[in-house]
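A closer look at the structure
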Amino acid sequence: MAGQGAVVSGQVAWWWFGAAVGLLGLTAALGDSASTPGLGSATVLPPWDLGLHPAAWLVTAMLTAAYLCGAVWLIVGLRSLRGGGRLAPRTVVVVGLLAVIALSVVPPTGSADHLSYLAYGRIAAAGDDPYVVDPQTWHHGTDPVASGVQRPWQATPSVYGPVATAAQALAARLGGGVLRTSVGWWELICGLAFLAVGLVLDRLTRHDPAARSRAALLWTLNPLLLGQLVLGAHVDVIAAALAVAGIALVARRPLLAGALVGAAAGVKAPFALYGLAAVWGLRHLPAVRLRRVLLRGVVGALAVLVPAYWWAGPHVEAQLGKAGGRASFASPWHAPFVAVRALLGNGADHLLTPLALLLAALLGLALWRRVMALGTTLGEDGVARAVRAALLATVAWLLTAPYVLPWYDAIAWAPLVLVGASALDGWLVLRLTALSLAYLPGRVVELTPVVERVTLGVRTFAAPVVLALVVVAVVRWGRDRVEVSRVVAVEPGAVGGPGR
């Protein structure tokens, strides 16, 4: 970042970015560890690793340092932007592309979810039903791809939407039955989806250098998201790409927008919130035109979802319904849920999701005026209204959802990028940092007693406290006096950057 009064801090900040991405990539490149599931024998095609089998304490320390450096980069970057600093678009393209490539040619790190994705894709590509057959049972556990699924998911059929399963089947088919090659194709899909989001955000903000720099910092050059979505290779990034593209087209191409948002919901159901946001964004249209636009959007969504669910088979709805009714360790709602379950037994499971939806609605009402007052560089058309509504809905859902994992936060970051700077930036950075640290090293294998004690302590005690504080802070922010925030536009000639 560069700009009058921000040159020195901006140049220092790039060291934080380099350290964050470098440590993330190096951790994965070291090979099979408590953070990186092994992928078998090396192949000519990526992902590549050194096969060094680093100790659990080492990879935990490296990833901790990486995410802390990433958080510092974001904080310093946001301060620099507020002070007039700017990121040169050419630098963003080069650095962002290199970062995605670097994190896509090493094994996925931070969880073993990608192995489950490819097992479900392998089963679907063979014509069997991944919503009924689990990876452990399929082909008696001898398939070279499906047998790679890690505990405790070997006996769990798919809980992902049919569009996600289609993408997983594509990667599995391209992998040709080789686990490492299949993972490489999946990483390519996730990396392209991440870049696609960055491209859409850049196109939406291209007429405003300040907003364009903000989009680059908070998405394309965000080490926290790069670590969770690109290096982690999580399916959420595909849903984010489809949903953001749909929102961008909501005012001009409602049929296509509906298809894209429908596809996003077909990856993961919470992304249907973007559909509600799109409807809100269009509410100002004359009644006749509104009905016509909404009809096109619904037709577009059904054109994707109906064949997708038909292809997935009759068991998909029942299996997806089993995904709820749980609270993760890092959630601030975990302890209350355990207490209620002790009183009500398993009946508490059925209350959890409705209660979370009620809390999300109440939080949305509490944040309504403040979020709707946030400025955007998109003017006041349907896209701008839809973006604000998407931010409101996704933040309210994230802060009240009982089951939280760091990559789930992707749903709110794209709309956050497109609104003006506010205290919400810092609180969501803190939340994502806390969640990223809470789920290190990524797998509960080969942990020494000290590493297990420390990581479990962060996950079950520190993270829930931080996330609860974020909820309180965001509610207080929503109740404060409304001040309209606008992204400050700068003349094109003022655009600078570290590559200038």
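Our subject is the structure listed above.
A brief look at the structure comes next. Throughout this document, residue positions are counted from 1 along each chain, in the order its sequence is written. Totals for whole chains, interfaces and linings use all residues, but because this is a predicted model, local features are given only for residues with pLDDT of at least 70 and pairs of side-chain atoms are given and counted only at 80 or more. As a rule here, side-chain values cover all heavy atoms of the structure and leave hydrogens and water aside.

Note on conventions: DSSP H or I runs of at least 4 residues are helices, E runs of at least 2 residues are strands, and numbering of each starts at the N terminus. Secondary structure summary: the chain contains 19 helices and zero strands in total. Along the three orthogonal principal directions, the C-alpha set of the chain runs to about 60 × 55 × 50 Å. Only protein chains enter the accessibility calculation, which uses a 1.4 Å probe; a residue is then buried when its area is under 20% of its type maximum, exposed when over 50%, and partly exposed in between. Across the 500 residues in the chain, those meeting the buried criterion constitute 55%. In what follows, residue pairs with any heavy atoms lying within 4.5 Å of each other are defined as contacts. Sequence-distant contacts, at least 24 apart, represent 78% of the contacts inside the chain between residues at least 6 apart. Areas reported as accessible are Shrake-Rupley estimates using a 1.4 Å probe. Residue values count occlusion only from the protein chains shown. Surface summary for the chain: the accessible area is close to 20,900 Å², and the carbon and sulfur share equals 68%. Here Asp and Glu are counted as negative and Lys and Arg as positive; His is not counted, and neither are the chain ends. Note on charges: their place is set at NZ of Lys, CZ of Arg, CG of Asp or CD of Glu. Positive and negative charge centroids in the chain, built from 36 and 22 side chains respectively, lie 10 Å apart.

Helix-helix packing: each pair is described by the crossing angle between the helix axes and the interaxial distance. Angles here are taken between N-to-C directions and fall from 0 to 180 degrees, while the axes themselves are lines fitted to C-alpha atoms, restricted in helices to the stretch in contact. Relative to each other, helix α4 (residues 113–125) and helix α5 (residues 162–175) sit at 85°, their axes nearing to 7 Å. If you check the angle between α4 and α5, you find them roughly perpendicular. Taken together, the residues of α5 that come into contact with α4 (itself represented by Tyr117, Leu118, Tyr120, Gly121, Arg122, Ala124 and Ala125) are Thr165, Gln168, Ala169, Ala171, Ala172 and Arg173. Nonpolar residues are Ala, Val, Leu, Ile, Met, Phe, Trp, Tyr, Cys and Pro. Charged residues are Asp, Glu, Lys and Arg, and all others, Gly as well, are polar. Of the residues that constitute the contact of α4 with α5, the class distribution is eight nonpolar, three polar and two charged. Any angle from 65 to 115 degrees is called roughly perpendicular, while one under 35 is roughly parallel, one over 145 is roughly antiparallel, and all others are oblique.

Running from amino to carboxyl end, helix α15 (residues 347–372) crosses helix α19 (residues 449–479) at an angle of 50°, the nearest separation of the two axes being 7 Å. With respect to α19, the axis of α15 lies oblique. Note that α15 runs across α19; the crossing there is left-handed. Here Leu363, Ala366, Leu367, Arg370 and Val371 of α15 lie close against α19, whose contacting residues are Val474, Val475, Trp477 and Gly478. Across the contact of α15 with α19, the residue classes break down as seven nonpolar, one polar and one charged. Here a crossing is called left-handed whenever its near helix is offset anticlockwise from the far helix by less than a right angle, and right-handed whenever the offset is clockwise.

This next bit is on the pattern of salt bridges. A side-chain nitrogen of Lys or Arg and a carboxyl oxygen of Asp or Glu constitute a salt bridge if their distance falls within 4 Å. Evaluation of the coordinates by the stated rule reveals eight salt bridges. Residue aspartate 202 pairs with arginine 203 through a salt bridge whose shortest N-O separation is 2.8 Å. Owing to a relative accessible area of 19%, aspartate 202 belongs among the buried residues under this scheme. Taking relative accessible area as the criterion, arginine 203 reaches 37% and is therefore assigned partly exposed. With its nearest N and O atoms 2.9 Å apart, the salt bridge here joins aspartate 409 to arginine 431. With aspartate 409 in the loop between α16 (382–400) and α17 (410–417) and arginine 431 in helix α18 (residues 423–438), the pair connects residues that are 22 residues apart, well separated along the chain. On the accessibility criterion, arginine 431 (2% relative accessible area) is buried. Sharing partners across several salt bridges, the network here consists of Asp202, Arg203 and Arg212.

Burial within α17 is extensive, with eight of its eight residues counted as buried. Every buried residue of α17 is accounted for by Ala410, Ile411, Ala412, Trp413, Ala414, Pro415, Leu416 and Val417.

As a further point, take the environment of alanine 366. Along the polypeptide, alanine 366 turns up in helix α15. Taking C-alpha positions, alanine 366 is 6.7 Å from valine 475, a pair spaced 109 residues apart along the chain.

Here we take up the packing of aromatic side chains. Classification of ring pairs rests on two measures: the distance between centres of Phe, Tyr or Trp rings, Trp counted by its six-membered ring, which must be within 6.5 Å, and the angle between planes, read as stacked under 30 degrees, edge-to-face over 60 and tilted in between. Counted under the stated rule, the structure contains 11 aromatic pairs. Arranged with centres 5.3 Å apart and planes meeting at 55°, the rings of tyrosine 117 and tryptophan 186 form a pair that is tilted. Linking tyrosine 117 in helix α4 with tryptophan 186 in helix α6 (residues 179–204), this pair joins segments that are 69 residues apart in sequence. Comparing tyrosine 117 with tryptophan 186 shows no difference in burial state: the two are buried. Aromatic side chains phenylalanine 271 and tyrosine 274 sit 6.0 Å apart centroid to centroid with 15° between the ring planes, which places their arrangement in the stacked category. Each member of the pair, phenylalanine 271 as well as tyrosine 274, is classed as buried. By way of ring pairs, the aromatic residues Tyr117, Tyr120, Tyr160 and Trp186 are connected into one cluster. Over the face of the ring belonging to tyrosine 403 we find arginine 326, whose NZ or CZ atom lies 4.7 Å from the ring centre. Over a ring means this: the NZ of a Lys or the CZ of an Arg is within 6 Å of the ring centre and within 35 degrees of the ring normal.

Everything listed here is a matter of geometry and, on its own, says nothing about what the molecule does.
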